[in-house]
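Chain by chain, the residues:
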Amino acid sequence: QVHLVESGGALVQPGGSLRLSCTTSGGIFSIYAVEWYRQASGKKREFVAGMSSGGDTDYIDSVKGRFTICRDNAKSTMYLQMNSLEPEDTAVYYCNVGLEVVRTPGRFINWGQGTQVTVSS
């Protein structure tokens, strides 16, 4: 079972930037697709961004051009660079790994604790 630890969340003003990190252990990170999800209060968890083991990326429309997913296989870590943040981005952000990008949170049983991102003035 892969252990996931998210970090980097904070309170930020609209228009600001954050970089989230997700450090993993217990698996062969380089073979995994990596994904970021988020869950706003009172809402279902949703896919945000994903990257295949080969580097192909996928984003939900609302974050395209603002968020960038990347990975460092040597550190078994994935990142989510978030720019031009909006209040609607406020949520707890989670990461996960698998053999392919699935865009479906229900496919995962194991999750980390998440990291809170709050965008507010």
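Fair warning: this is a prediction, and the values are worked out from it, not measured in the lab. (Residues numbered from 1 in each chain as written. Predicted model: local features only at pLDDT ≥ 70, side-chain atom pairs only at ≥ 80, totals over all residues. Heavy atoms only, no water.)

Participant: Would you mind showing me how to read the packing of aromatic side chains here?
Facilitator: A ring pair, where both rings are aromatic, is described by two values, the distance of the centres and the angle of the planes. Following the criterion strictly, the structure yields five aromatic pairs and no others. Ring centres of Tyr37 and Trp111 lie 5.4 Å apart, and the angle between their planes is 90 degrees; on these two criteria the pair is classed as edge-to-face. Highlighted residues: Tyr37 in strand β4 (residues 33-39) and Trp111 in the loop between β9 (91-98) and β10 (115-119), separated in sequence by 74 residues. Judged by its relative accessible area of 21%, Trp111 is partly exposed. Taken together through their ring pairs, the aromatic side chains of Tyr37, Phe47, Tyr94, Phe108 and Trp111 make up a single cluster. A cation over a ring is seen here: Arg45 above Trp111, with NZ or CZ 4.4 Å from the ring centre. Note that Arg71 overlies the ring of Phe29, its terminal NZ or CZ placed 4.8 Å from the centroid. (Phe/Tyr/Trp six-rings, centres within 6.5 Å; stacked < 30°, edge-to-face > 60°. Helix = DSSP H or I, 4+ residues; strand = E, 2+ residues; numbered from the N terminus. Buried < 20%, exposed > 50% of the residue type's maximum accessible area, 1.4 Å probe, protein only. Lys NZ or Arg CZ within 6 Å of the ring centre and 35° of its normal.)

Participant: Sorry if this is basic, but what is going on with the sheet that holds strand β1 (residues 3-7) here?
Facilitator: As a general point, the strands of a sheet are linked pairwise by backbone hydrogen bonds and lie either parallel or antiparallel. Strand order in the open sheet formed by four strands is β1-β3-β8-β7, and the pairing between neighbours is antiparallel. For this open sheet the edge positions go to β1 and β7 (67-72), each flanked by a neighbour on one side alone. Strand-to-strand twist across the sheet, computed as the mean angle between neighbouring axes with direction ignored, equals 15 degrees. In this sheet, strand β8 (residues 77-82) lies alongside strand β3 (residues 18-25) in antiparallel orientation, the contact comprising six bridges. (Pairing = 2+ DSSP bridges. Axes fitted to C-alpha atoms, helices over the stretch in contact; angles between N-to-C directions.)

Participant: Honestly, the pairing of β1 in this entry has me stumped. Any pointers?
Facilitator: On a regular strand, one side chain projects to one face of the sheet and the next to the other, so that they alternate. The two faces of β1 differ: Leu4 and Glu6 on one face are buried, but His3, Val5 and Ser7 on the other face are not. Both β1 and β3 contribute to a ladder of five bridges, which runs antiparallel. Within the sheet, the bridge partner assigned to Ser7 lies in β3 and is Ser21.

Worth remembering: the numbers are spatial, not functional.
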